[in-house]
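Single-letter residue listing:
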Amino acid sequence: MFRSLVADWRPIAAHSLQTLYTTLAGFVLAVLVGLVQGVAVGASSLVYKAVYPLLVGFNSIPKVAFVQVLVVWFGIGTIPAIATAFLISFFPVVVNVATGLATVEPEMEDVLRSLGASRFDILKKVGLPRSLPYFFASLKVAITLAFVGSVISETVASNLGIGYLMMSASSDMNMALVFAGLIVIGAIEVVMYEIFAFIEKRMTHWAHR
């Protein structure tokens, strides 16, 4: 396994960069869409009741089922991997941002309203800052899920990436290379998780003991 990491470092590095690219692309899209939807769902009880059950239902569908549809639409390659990473990782962002906004203390809202604050002022000065710990917590979950989505898609509908590399190695019974790919993808996930954990501590230090 470790010999394979050394002997096959060039293809492993090339496929790792491809997986990292597709994962980050899907993750960025998930954060943008999830943040907008989370604010909409958490700021309005009407939107929460109308949209949240649909999001839960959508999230319960196995994302691997979408891969075949994405292949028909976009063909084999990078786009299905990006789309799968997006589909599997945006839900935690929506849920956590919505939860942060929906659980603002009513007493605090009442005080701000008595001082003449509008609904937008309450959202900007209380809701969004309060939801930051939830948001950054969701990023740590979403980035790991995005890697899962990318690798799943690469094993089915790609000719590049760690998922494709492991699938090819498995068909050749090269289990050392398969485990090398697992180690690399696990190491990348740990690094990305720690990056977001560091950013979380820097941005929301006031929320931690």
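That block above? That's the structure.
Here the residue numbers are simple positions, counted from 1 along each chain's written sequence. The model is predicted, so local features are restricted to residues of pLDDT at least 70 and side-chain atom pairs to those at 80 or more, both for listing and for counting; the totals for chains, interfaces and linings are taken over all residues. Processing note: side-chain calculations cover all non-hydrogen atoms of the structure and skip hydrogens and water entirely.

**With respect to the overall build of the chain**
Helix and strand definitions here come from DSSP, where helices need a minimum of 4 consecutive H or I residues and strands a minimum of 2 consecutive E residues; each element is numbered from the N-terminal end. The helix and strand tally for the chain stands at nine helices and zero strands. When the elements of the chain are put in sequence order from the N terminus, they spell out α-α-α-α-α-α-α-α-α. Here the chain holds 209 residues, and 39% of them are scored as buried. For the accessible areas, the method is Shrake-Rupley and the probe is 1.4 Å, while residue cover comes only from the protein chains on display. Accessible surface, the chain: about 11400 Å² in total, of which carbon and sulfur atoms supply 70%. Burial classification: accessible surface area is computed with a 1.4 Å probe over protein chains only, and a residue below 20% of its type maximum counts as buried, one above 50% as exposed, and the rest as partly exposed.

**Regarding the nonpolar core**
With 27 residues, the main nonpolar core has F27, F135 and L139 as its most contacted residues. Taken together, the elements giving at least two residues each to this core come down to α2 (9-43), α5 (78-102), α7 (119-157), α8 (162-171) and α9 (175-203). Contacts are assigned to residue pairs that have any heavy atoms within 4.5 Å of one another. With sequence-adjacent residues up to four places away left out, F27 is seen in contact with S89, L139, A142, I143, A146 and F196. Side-chain atoms within 4.5 Å are what join buried Ala, Val, Leu, Ile, Met, Phe, Trp, Tyr and Cys residues into a set we call a nonpolar core. Core analysis: the next-biggest nonpolar cluster, separate from the first, contains 12 residues, F90, F91, V94 and V95 among them.

**A word on the packing of aromatic side chains**
Centres within 6.5 Å make a pair out of two Phe, Tyr or Trp rings, where for Trp the six-membered ring is used; the pair is then stacked when the planes are under 30 degrees apart, edge-to-face when over 60, and tilted otherwise. Considering all chains together, one arrives at three aromatic pairs under this definition. Note on F86 and F90: the rings are 5.4 Å apart at their centroids and 15 degrees apart in plane angle, and the pair reads as stacked. Pair noted here: F86 and F90 are both in helix α5, with a separation of four residues, about one helical turn. A residue is classified by how much of its surface remains accessible, and F90, at 7% relative accessible area, is buried.

**Remarks on the environment of F86**
In sequence terms F86 and A146 are 60 residues apart; their C-alpha atoms lie 6.6 Å from each other. With residues near it in sequence (within four places) discarded, F86 still touches G26, L29, A30 and V33.

**Quick look at the side chain of S150**
Tracing the backbone through its elements, the reader meets S150 in helix α7. Under the relative-accessibility criterion, S150 is labelled buried at 0%. Residues contacting S150, with those up to four places away along its chain left out, are T19, T22, T23, A81 and A85.

**Let's talk about a nonpolar patch on the surface**
The patch calculation keeps residues exceeding 30% relative accessible area without a salt bridge and links them within 9 Å when they carry like charges or within 5 Å when they are nonpolar (Val, Leu, Ile, Met, Phe, Trp, Tyr). Salt bridges, as used here, are contacts in which a Lys or Arg side-chain nitrogen is within 4 Å of a carboxyl oxygen on Asp or Glu. A cluster of nonpolar side chains, V69, V72, W73, F74 and I79, forms an exposed patch at the surface whose accessible area comes to about 560 Å². A per-element tally of the nonpolar patch places helix α4 (residues 64-74) first, with four residues. Mapped onto the elements, W73 comes out in helix α4. According to the relative accessible area criterion, W73 is exposed, its value standing at 63%.

**Things to note about the side chain of T19**
With respect to the helices and strands, the residue T19 is situated in helix α2. By relative accessible area, T19 is classed as buried at 0%.

**Focus: the packing of α8 against α9**
With their axes 8 Å apart at the nearest point, α8 and α9 run at an angle of 160 degrees to one another. Considered as vectors, α8 and α9 are oriented roughly antiparallel to each other. Here α8 runs over α9; the crossing is left-handed. Contacts between α8 and α9 involve I162, L165, M166, A169 and S170 from the former and L177, V178, G181, L182, V184 and I185 from the latter. Side-chain classes follow a simple rule in which Ala, Val, Leu, Ile, Met, Phe, Trp, Tyr, Cys and Pro form the nonpolar group, Asp, Glu, Lys and Arg form the charged group, and the remainder, Gly included, forms the polar group. Looking at side-chain class alone, the contact of α8 with α9 contains nine nonpolar, two polar and no charged residues. Angles here are taken between N-to-C directions and fall from 0 to 180 degrees, while the axes themselves are lines fitted to C-alpha atoms, restricted in helices to the stretch in contact. Here the word oblique covers every angle except those under 35 degrees (roughly parallel), over 145 (roughly antiparallel) and from 65 to 115 (roughly perpendicular). Helix crossings are classified by the rotation of the near helix relative to the far one: an anticlockwise turn of less than a right angle makes the crossing left-handed, while a clockwise turn makes it right-handed.

**Some thoughts on the packing of helix α3 (residues 45-59) against α5**
Viewed as axis vectors pointing N to C, α3 and α5 meet at an angle of 145 degrees, and their least axial separation amounts to 10 Å. Where α3 crosses over α5, the two elements pack in a sense that is left-handed. On α5, the residues touching Y52, L55, V56, F58 and N59 of α3 are L87, F90, F91, V94 and V95.

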